[in-house]
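# A closer look at the structure
Residues per chain are reported as follows:
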Amino acid sequence: MPQAAILPPHLGGLTKAAKLIQEGELVAFPTETVYGLGGDAGNDRAIAAIFAAKERPSFNPLIVHVATLSQAALHAELPPAAVALARRFWPGPLTLVLKRRPDCAISRLASAGMDSLALRVPDHPVARALLVIGQRPIAAPSANRSGRLSPTLAAHVAADLGDRIAAIIDGGPCRIGLESSVVSLIADPPLLLRPGAITPAMLTECLGQEIALAPQLAAGESPLSPGQLASHYAPRAKLRLDAQAAGPGEALLAFGPAPEGERVRNLSPIGDLVTAAANLFAMLHELDQPNIAGIAVMPIPETGLGLAINDRLRRAAAPRD
Ligand code: TXA
Ligand code: MG
């Protein structure tokens, strides 16, 4: 396949992108979280092409993006808790796992064969325009090969998938830089499957009910069991977590006050977690050079967005298969 066309985030580029998606092609586009690898959610071939391009294990279901809450209601059953969360946090970085409606028109492959469906209304003007112009739900996992870092710039997508997809809409850097929070409403109480910018405290406050947390690794716990922790957000270099400084040959991913240097990136010199989340994948990409002995990562507080950042870092540090 020739290298993906880079499309501008204006009407011309968006119309071209929407047409490609309608034709079953794959188009990467920016969302407020990370870049998504988009395909027509009603087209099994397009969904299969997503799995193929990502080399993603096919049992791992995809998030389907829709323009509005009422569109979500066409495809999945929305219990009262789902409506409450959607009204509060959509459009935005929250994915809801819901029961598929019997007449759901979304590819089963996107649900990886399950009776559930993950839905999200994104809050990025380019993503929203693409959904409206394309007039269909768009399945979009993060636009990276399976096991690699999630992309927060069009250039990341081009480097990882540029020879496998039709086009990339370049909308600049992603505002949040971490994938959406994923909440399953199939279970009661609701279960947080993946931490993100919408924190457990925000969810609990909205629901008026404690939210259950899917098992994550506790701070300092080492990822021993492969089932407990799939190597998922992995740079090529080895990560050493909770480091105070870089060892010989190592690059340093700093947080808070730290020395500067050629092989140092600082997630946030003032210790701001929102900035750190937005910088995380881009800085890991920059440090992940073949000539380093590994990446030493300074400790990140286990609060708020720090939970999601540490989740990604532990996965990135997990043993590879
Ligand atoms: O921020 C995001 O969510 C980005 C942007 C592009 O929207 N998308 C994204 O998609 O991160 P993906 O496919 O890389 O992550 C999907 C996550 C996975 O952890 C998957 O297991 C979970 O959502 N998921 C999807 N459908 C599910 C389902 N039916 N049941 C349980 N988990 C599901
Ligand atoms: Mg992903």
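Note: the structure precedes this text.
Right, let's walk through the structure included here.

Rules used in this analysis
Residues numbered from 1 in each chain as written. Chains lettered and ligands numbered in written order. Predicted model: local features only at pLDDT ≥ 70, side-chain atom pairs only at ≥ 80, totals over all residues. Heavy atoms only, no water. Axes fitted to C-alpha atoms, helices over the stretch in contact; angles between N-to-C directions. Helix = DSSP H or I, 4+ residues; strand = E, 2+ residues; numbered from the N terminus. Parallel < 35°, antiparallel > 145°, perpendicular 65-115°, else oblique. Left-handed = near helix turned anticlockwise from the far one by under 90°. Contact = heavy atoms within 4.5 Å. Nonpolar A, V, L, I, M, F, W, Y, C, P; charged D, E, K, R; others polar. Buried < 20%, exposed > 50% of the residue type's maximum accessible area, 1.4 Å probe, protein only. Polar contact = N/O pair within 3.5 Å; in protein donor to acceptor, adjacent residues only side chain to side chain. Salt bridge = Lys/Arg side-chain N within 4 Å of Asp/Glu carboxyl O. Pairing = 2+ DSSP bridges. Expected span 1.5 Å × (residues − 1). Bend = angle between axes of the 7 residues up to and from the residue.

This brings us to the packing of helix α8 (residues 273–287) against helix α9 (residues 305–317). Running from N to C, α8 and α9 cross one another at 20°; their axes reach a closest spacing of 9 Å. Overall, the two elements α8 and α9 adopt an arrangement that is roughly parallel. Both α8 and α9 take part in a crossing whose hand is left-handed. Contacts between α8 and α9 involve Leu273, Val274, Ala276, Ala277, Leu280, Phe281 and Leu284 on the former and, on the latter, Leu305, Gly306, Ile309, Arg312 and Leu313. Considering only residue class, the contact of α8 with α9 consists of 10 nonpolar, 1 polar and 1 charged.

Its place among the elements puts Ser184 in strand β10 (residues 181–184). By relative accessible area, which is 6% here, Ser184 ends up buried. Measuring from C-alpha to C-alpha, the distance between Ser184 and Lys99 comes to 9.5 Å, with 85 residues separating the pair along the chain. The residues touching Ser184, leaving out its near neighbours within four places in the chain, are Val97, Pro190, Leu191 and Leu193. There is a polar contact of 3.2 Å between the side chain of Ser184 and the backbone nitrogen of Ile186.

We now examine the pattern of salt bridges. All chains considered together, the criterion is met by 16 salt bridges. Measuring nitrogen to oxygen at the nearest pair gives 2.7 Å for the salt bridge that ties Asp160 to Arg148. Here Arg148 lies in the loop between β8 (138–139) and α6 (154–161) and Asp160 lies in helix α6, a separation of 12 residues in the sequence. Arg148 sits in the partly exposed class, given a relative accessible area of 28%.

The parallel open sheet is built from 4 strands, whose spatial order is β13-β16-β14-β15. The two strands at the open ends of the sheet, each matched to only one other strand, are β13 (239–240) and β15 (264–266). Relative to β15, strand β14 (residues 250–254) runs parallel, the two sharing 3 bridges. From the neighbouring strand, Leu253 faces β15, where its bridge partner is Arg265.

Turning next to the environment of Ala73. Assignment of secondary structure puts Ala73 in helix α3 (residues 69–75). Under the relative-accessibility criterion, Ala73 is labelled partly exposed at 29%. Through-space distance from the C-alpha of Ala73 to that of Ala4 is 34 Å; in sequence the pair is 69 residues apart. With residues near it in sequence (within four places) discarded, Ala73 still touches Leu78 and Arg101.

This part takes up α8. Taking 1.5 Å of rise per residue, the 15 residues of α8 would be expected to cover 21 Å, and the 19 Å separating its terminal C-alpha atoms lies within 8% of that figure. Of all the bends in α8, the largest measures some 45° and sits at Leu280. For α8, the secondary structure elements touched by its buried residues are α6, β13, β14, β15, β16 (294–297) and α9.

Most of strand β3 (residues 36–40) is tucked away, with 5 of its 5 residues classed as buried. As paired elements, strand β2 (residues 27–29) and β3 share 3 bridges and run antiparallel to each other. Considered in β3, the bridge of Ala28 is made with Leu37. Here β2 hands over to β3 after 6 residues, the two strands then running antiparallel side by side. The sheet contact formed by β3 and β8 spans 2 bridges and is antiparallel. Among the inter-strand pairings, Asp40 is bridged to a residue of β8, identified as Ile138.

We now examine the pairing of strand β7 (residues 116–120). The buried fraction of β7 amounts to 5 of the 5 residues, a majority that puts the element mostly inside the structure. Side-chain alternation along β7 places Ser116, Ala118 and Arg120 on one buried face and Leu117 and Leu119 on a second face that is also buried. Relative to β7, strand β4 (residues 63–65) runs parallel, the two sharing 3 bridges. Paired with His65 across the two strands is Arg120, which belongs to β7. Of the pairings in the sheet, the one linking strand β6 (residues 94–100) to β7 comprises 4 bridges and is antiparallel in character.

Let us look at unusual backbone geometry. Going from Trp90 to Pro91, the amide bond is cis rather than trans, its omega being -10°. Within the fold, Pro91 resides in the loop between α4 (80–89) and β6. A cis geometry characterises the amide bond from Asp188 onward to Pro189, with omega recorded as 5°. Relative to the assigned elements, Pro189 resides in the loop between β10 and β11 (191–194). A positive phi is found at Gln135, a non-glycine position, where the angle reads about 55°. Along the polypeptide, Gln135 turns up in the loop between α5 (125–134) and β8. Judged by its relative accessible area of 66%, Gln135 is exposed.

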